[in-house]
Amino acid sequence: QQDPNNDVSTVGGGMYFSGHNIISATLADLKEEMASAETVVWSGESAGGMGCFNTLDYVSDTLPNALVVGLPVGGFYFSNEWPYSGTAEYPTDESYIPWTFSDLADYKKLWDAFVPPRCLKDQSQANSHKCLLAEGLYPSLQSPVFVVEAQTDEVVMPLHDGLPSIWADS
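Everything numeric in this text was worked out from a predicted model, so none of it was measured.

A.B. asks: Looking at this structure, how should I read the overall build of the protein chain?
C.D. replies: Each helix and strand in the protein chain was counted, giving seven helices and two strands. Tracing the protein chain from N to C terminus, the helices and strands come up as α-α-β-α-β-α-α-α-α. The 170 residues of the protein chain split such that 35% are buried. Here the protein chain displays about 10,400 Å² of accessible surface, and carbon together with sulfur accounts for 55% of that area.

A.B. asks: What's the story with the pattern of salt bridges in this structure? I'm lost.
C.D. replies: Between side chains of opposite charge, pairing is possible as soon as their charged atoms come close. Throughout the structure, instances matching the rule amount to two salt bridges. The partner of Arg118 in a salt bridge is Asp57, and the shortest N-O contact between them spans 3.4 Å. Of this pair, Arg118 sits in helix H5 (residues 117-122) while Asp57 sits in helix H3 (residues 47-62), placing them 61 residues apart in sequence. Since its relative accessible area comes to 27%, Arg118 is described here as partly exposed. Arg118 is the salt-bridge partner of Asp61, the closest N and O atoms lying 3.1 Å from each other. One end of the pair, Asp61, is in helix H3; the other, Arg118, is in helix H5, with 57 residues separating them in the sequence. Residue Asp61 is classed as partly exposed on the basis of its relative accessible area, which comes to 46%. Within the structure, one salt-bridge network assembled from shared partners comprises Asp57, Asp61 and Arg118.

A.B. asks: Which parts of the structure should I look at to understand the pairing of strand S2 (residues 67-73)?
C.D. replies: A regular strand places its side chains on the two faces of the sheet in alternate fashion. Alternating residues of S2 divide into Val68, Gly70 and Pro72, all buried, and Leu67, Val69, Leu71 and Val73, none buried. Bridge count for strand S1 (residues 39-45) against S2 is seven bridges, and the pairing is parallel. By the bridge assignment, Trp42 is partnered in S2 with Gly70. For the crossover that starts at S1, traverses H3 and ends in the parallel S2, the hand is right-handed.

Here is what the cut-offs are and how they apply
Residues numbered from 1 in each chain as written. Predicted model: local features only at pLDDT ≥ 70, side-chain atom pairs only at ≥ 80, totals over all residues. Heavy atoms only, no water. Helix = DSSP H or I, 4+ residues; strand = E, 2+ residues; numbered from the N terminus. Buried < 20%, exposed > 50% of the residue type's maximum accessible area, 1.4 Å probe, protein only. Areas by Shrake-Rupley, 256 points an atom, 1.4 Å probe, with all protein chains shown as cover. Salt bridge = Lys/Arg side-chain N within 4 Å of Asp/Glu carboxyl O. Pairing = 2+ DSSP bridges. Right-handed = clockwise from strand over helix to strand, strands pointing away.

Structure follows, in structure tokens:
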């Protein structure tokens with residue numbers, strides 16, 4: 001449910017971020033069909049992999065008769081407190097997006113992000129933004145999860161780590 005104190009016209013630039021609301025509504029709509037499910041594989045890729053981590057226990061709690069297992073692909077993002085900057089003080093690539101825990105506090109507000117209750121219990125309210133990343137969320141997960149992650153990622157490395165993009169089109 002969207003936070004009424006989060007004025008989307010100023011905080012979200014006129015955009016609504018409703019991933020968790022969509023998942024909740026979809027599961028409610030499929031409640032009868034999913035009632036007899038024995039096993040559910042919950043997956044997503046990249047940002048969807050982040051969402052897979054974030055919503056895995058919620059889905060499992062919503063489908064108590066099924067074994068819900070997570071399969072996030074490329075979603076084990078981590079905070080990058082020390083991005084690569086070469087000889088510059090800060091990454092200079094124009095596509096660089098800061099991805100530190102302090103930046104995540106701002107993103108959490110922008111996204112009006114869902115925070116998994118078990119992770120929130122482990123973190124203080126002031127640190128609830130740490131639950132947005134697998135790095136902070138993983139210890140609180142109760143559902144089984146199989147993580148698929150590449151050692152290098154052509155999106156994450158330049159976008160969040162500040163590394164020069166060697167994959168750019170010539």
